[in-house]
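Residue-level listing of the chains:
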Amino acid sequence: NKNVMPVKIWPGMTVDNIIREMNKSGVFMSGMLAEAVNTYEQMIKEDSYIFMSLSGALIPAGMSKVLIELIERKYIDCIVTTGANLVHDVMMAYGGSFYKGSTELKDENLLEKKIDRIYDVLVSEDDFNAKFDEPLLELYDDITEKRPNETLSVSELIEEIAIRIPEKNESVLKACHKNGVKVFVPTIHDSVFGLQAAIYNKSKPNRLKVDIFKDLQEIWDIRKNVEKSSAIILGGGVPKNYIFQSFYFANKMLDNVIQITLDRPETGGLSGAPPEEAISWGKINPKGKRVVLVSEVTLALPIIAAALIERLDKK
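Residues numbered from 1 in each chain as written. Predicted model: local features only at pLDDT ≥ 70, side-chain atom pairs only at ≥ 80, totals over all residues. Heavy atoms only, no water.

Caption draft 1: Highlighting the overall build of the chain. Scanning the chain for helices and strands turns up 13 helices and eleven strands. Whereas a compact globule of 315 residues would reach a radius of gyration of roughly 20 Å, the chain reaches 21 Å, a difference of no more than 12%. For the chain, the residues scored as buried account for 47% of the 315 residues in total. Partitioning the contacts of the chain with sequence separation of at least 6, the portion at a separation of at least 24 is 73%. Carbon and sulfur atoms make up 54% of the accessible area of the chain, which amounts to about 15,600 Å² in all. (Helix = DSSP H or I, 4+ residues; strand = E, 2+ residues; numbered from the N terminus. Rg over C-alpha atoms; globule rule 2.2 N^0.38 Å. Buried < 20%, exposed > 50% of the residue type's maximum accessible area, 1.4 Å probe, protein only. Contact = heavy atoms within 4.5 Å. Areas by Shrake-Rupley, 256 points an atom, 1.4 Å probe, with all protein chains shown as cover.)

And the structure:
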């Protein structure tokens, strides 16, 4: 066993400097944060196929450029996300904005002003209407004209949307399309994508056809066709389960897992369940690395990404 060493700090430290110092500490959260960077680096060095799950309001909170940087550097191979994150991403791509607010604002006043609150982040309903709802209905129209009578998988629909986001507009979805990162959205119907699809098909019955089950086979096939695979779980919920269950049904196991969450395991819910629990299901290799970082994602992810990029750029 190594001795625990005092963490040193000095003027002009880089992000990776402080992470390497934290690596000398005990395995409290500072040590676990350092271990998350080490494990992510190992995933890349081993040429592991890296799944990343996104849940929670990561895009409104300002994580889009962090994710785009990781995508463009090929540090992510596949994303499984809630529909909401991509709704916010597409809205920003078409000029929508989020604003810093406060948890102490009176929500009844925000209701009167047609302003929606996501914790301390604000977004106007006018932005949603003009910068998402209207463009999306036009995209649905174009997609169904170009692919009439086809039944699309959710990932195919998302890819068609990504193709149509203007080249000049920055977005996570556009970055995934340009860099060959597959995107799965298992709960797309539980988002404004789904709500607008229902509205669209009400005015143009059964024109937009989507089979939510088709993607299951595709994500199983990905696992069957890669030698090593890893997962970075940001939050929990359906995106986490979608990745894990694909390994269960493909009769394969994830080699390494990093999980960043504030959820607790005592409720028996999936979001707080530690990776060790998934070993019993045959979803994670018991010989692989398992890192559970009890942290809020928007705090941990930029630090992990910055240290990782610095470390790999030096090499």
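After presenting the structure, the write-up continues.
Caption draft 2: Looking closely at helix α7 (residues 154-164). α7 sits mainly inside the fold: eight of its eleven residues count as buried. Residues V154, S155, L157, I158, E160, I161, A162 and R164 constitute the buried set of α7.

Caption draft 3: View of the packing of aromatic side chains. In this structure the tally under the stated criterion is five aromatic pairs. With centroids separated by 5.6 Å and ring planes inclined at 75 degrees, the aromatic side chains of F51 and F247 adopt a geometry described as edge-to-face. Taken together, the residues F51 in strand β1 (residues 49-54) and F247 in helix α11 (residues 237-249) connect sequence positions 196 residues apart. As far as burial versus exposure is concerned, F51 and F247 are alike and both buried. Ring geometry for F184 against Y242: centres 6.3 Å apart, planes inclined by 45 degrees, an arrangement best described as tilted. With F184 in strand β7 (residues 182-184) and Y242 in helix α11, this residue pair connects regions lying 58 residues apart in the sequence. With respect to burial, F184 and Y242 carry one shared label: buried. Within the aromatic cluster, the residues linked to one another by ring pairs are Y49, F51 and F247. Against the face of W281 rests K283, its NZ or CZ located 4.8 Å from the ring centre. (Phe/Tyr/Trp six-rings, centres within 6.5 Å; stacked < 30°, edge-to-face > 60°. Lys NZ or Arg CZ within 6 Å of the ring centre and 35° of its normal.)

Caption draft 4: Just the layout of surface pockets, in detail. Taken as a whole, the second largest pocket spans an internal volume of roughly 240 Å³. S55, G56, G235, E296 and V297 are, among the 17 residues lining the second largest pocket, the residues nearest its centre. Listing elements by their share of the lining of the second largest pocket, those giving two or more residues are β10 (256-261) and α13 (297-314). Grouping the amino acids of the lining of the second largest pocket by side-chain chemistry returns seven nonpolar, eight polar and two charged. (1 Å grid on protein atoms, 1.4 Å probe; cavity = no way out; pocket = protein on both sides within 12 Å on 5 of 7 lines; lining within 4 Å. Points joined across faces, edges and corners; volume = space filled by probe spheres on them. Nonpolar A, V, L, I, M, F, W, Y, C, P; charged D, E, K, R; others polar.)

Caption draft 5: How the structure looks around the side chain of K240. The residue K240 is located in helix α11 in this model. Nearest to the buried, unbridged K240 among oppositely charged side chains is E277, at 7.5 Å. A distance of 2.9 Å separates the side chain of K240 from the backbone oxygen of A273, its partner in a polar contact. (Lys, Arg positive; Asp, Glu negative; His and termini not counted. Salt bridge = Lys/Arg side-chain N within 4 Å of Asp/Glu carboxyl O. Polar contact = N/O pair within 3.5 Å; in protein donor to acceptor, adjacent residues only side chain to side chain.)

Caption draft 6: Quick look at unusual backbone geometry. One non-glycine residue with positive phi stands out, namely K74, at about 65 degrees. As for its placement among the helices and strands, K74 is situated in the loop between α3 (64-72) and β2 (78-81). The backbone phi angle of K114 is positive, close to 55 degrees, even though this residue is not glycine. Locating K114 in the fold gives a position in the loop between α5 (107-112) and β4 (115-118).

Caption draft 7: Just a nonpolar patch on the surface, in detail. A surface patch of nonpolar side chains, about 260 Å² in accessible area, is lined by M29, L262 and V294. A relative accessible area of 41% places V294 in the partly exposed class. (Patch = residues over 30% accessible without salt bridge, like charges linked within 9 Å, V, L, I, M, F, W, Y side chains within 5 Å.)

Caption draft 8: Local environment of the pattern of salt bridges. Tallying each qualifying case throughout the model produces 28 salt bridges. We note a salt bridge from R311 to D16, for which the minimum N-O separation is 2.8 Å. Here the residue R311 occupies a position in helix α13, and D16 occupies one in helix α1 (residues 15-22), the gap between them amounting to 295 residues. Among the salt bridges present, the one from E21 reaches K24, with a minimum N-O distance of 3.0 Å. Take E21: its relative accessible area is 6%, and that puts it in the buried class. You can call K24 partly exposed: its relative accessible area is 36%. Ionic contacts of the salt-bridge type, sharing partners, join the residues D142, K146, R147, E150, E160 and R164 into one network.

Caption draft 9: View of the sheet that holds β4. Reading across from one edge, β3-β5-β4 is the order of the three strands in this open sheet, with antiparallel pairing throughout. In this open sheet, the two edge strands, each paired with only one partner strand, are β3 (99-100) and β4. Where β3 and strand β5 (residues 121-124) come together, two bridges link them in antiparallel fashion. Among the inter-strand pairings, K100 is bridged to a residue of β5, identified as V121. Those strands touched by helix α6 (residues 125-146) are β4 and β5, and its axis lies near 60 degrees from that of β5. (Pairing = 2+ DSSP bridges. Axes fitted to C-alpha atoms, helices over the stretch in contact; angles between N-to-C directions.)

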